[in-house]
Amino acid sequence: KSLVGVLVNVFLVKLAIGCLREKRAVTLGLMLGTIHNLFWGLASTQWGIFAGMVASEFAGIHFPILVGMRSANVGEEEQGRVQGAFFALEAIADAVGPVLLQGIYDQTENTVRPGPGFMFVVAALIYVFGAIAACMLPADKANVTSRTRGENTETDICRESLPAIS
């Protein structure tokens, strides 16, 4: 992706998990996906596109967190099957998503309303459904750090994740 995307995955994912726990961090990532697609879909200036690009770099935090949540909830003997199923679903989405969005674009590119950016609004709605599903995850299965780190409170974990400021 980009240098910012790498930095987000290296530093921000751990911080988000430490401060928000997995369930809320996934929800945050999906909501940022909603926001960046809305910026792109509704942008009338270059600044709107730029703002969407910035938000899109942070939206990716949900994927590595989902991988960790999934791994923590299955035994060692099931890891391969679960990983395979998850990446198969990702491959299906990578195949169907562009076809769906291109079809929407083809139908709306020469219209005033909803307009050529409507495909991004549809993508934002898909992210909203993902965020709603993330909110419905059971906290005891989703928040794996509380099981692996002991009884630390969220505030303690957040403080541990933040760099010291002198």
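Structure first, text after, so check above.
Within every chain, residues take consecutive numbers counted from 1 along the sequence as written. With the structure being a predicted model, the display of local features is reserved for residues of pLDDT at least 70 and the display and counting of side-chain atom pairs for 80 or more, all residues being used for whole-chain, interface and lining totals. The basis for the side-chain values is all heavy atoms of the structure; hydrogens and waters are excluded.

Undergrad: So what exactly am I meant to see when it comes to the environment of lysine 23 here?
TA: Under the scheme used here, helices are H or I runs from DSSP no shorter than 4 residues and strands are E runs no shorter than 2 residues, and both carry numbers assigned from the N terminus. Examined against the element boundaries, lysine 23 turns out to sit in helix H1 (residues 3-42). By relative accessible area, which is 19% here, lysine 23 ends up buried. Sequence separation between lysine 23 and alanine 139 is 116 residues; the distance between their C-alpha atoms is 6.8 Å. Residues count as neighbours in contact if any of their non-hydrogen atoms are within 4.5 Å of one another. Among residues more than four places away in sequence, those in contact with lysine 23 are Ala134, Cys135, Leu137, Ala139, Ala142 and Asn143. Polar contact is defined as a pair of N or O atoms within 3.5 Å, subject to the rule that within protein one atom must be able to donate a hydrogen and the other to accept it, and that residues adjacent in sequence are counted only when both atoms are side-chain atoms. At 3.0 Å, the side chain of lysine 23 forms a polar contact with the backbone oxygen of cysteine 135. When a residue's accessible area, from a 1.4 Å probe over protein chains only, is under 20% of the maximum for its type it is buried; when over 50% it is exposed; and in between it is partly exposed.

Undergrad: For this particular structure, what's the right way to read unusual backbone geometry?
TA: Excluding glycine, a negative phi dihedral is what most residues carry, and trans is how most peptide bonds are arranged. Cis geometry is adopted by the peptide bond preceding proline 114, which originates at arginine 113 and carries an omega value of 5°. Tracing the sequence through the fold places proline 114 in the loop between helix H4 (79-108) and helix H5 (118-135). Positive phi, close to 70°, is recorded for arginine 21, a residue that is not glycine. With a relative accessible area of 6%, arginine 21 lands in the buried category.

The analysis is restricted to geometry; functional conclusions fall outside its scope.
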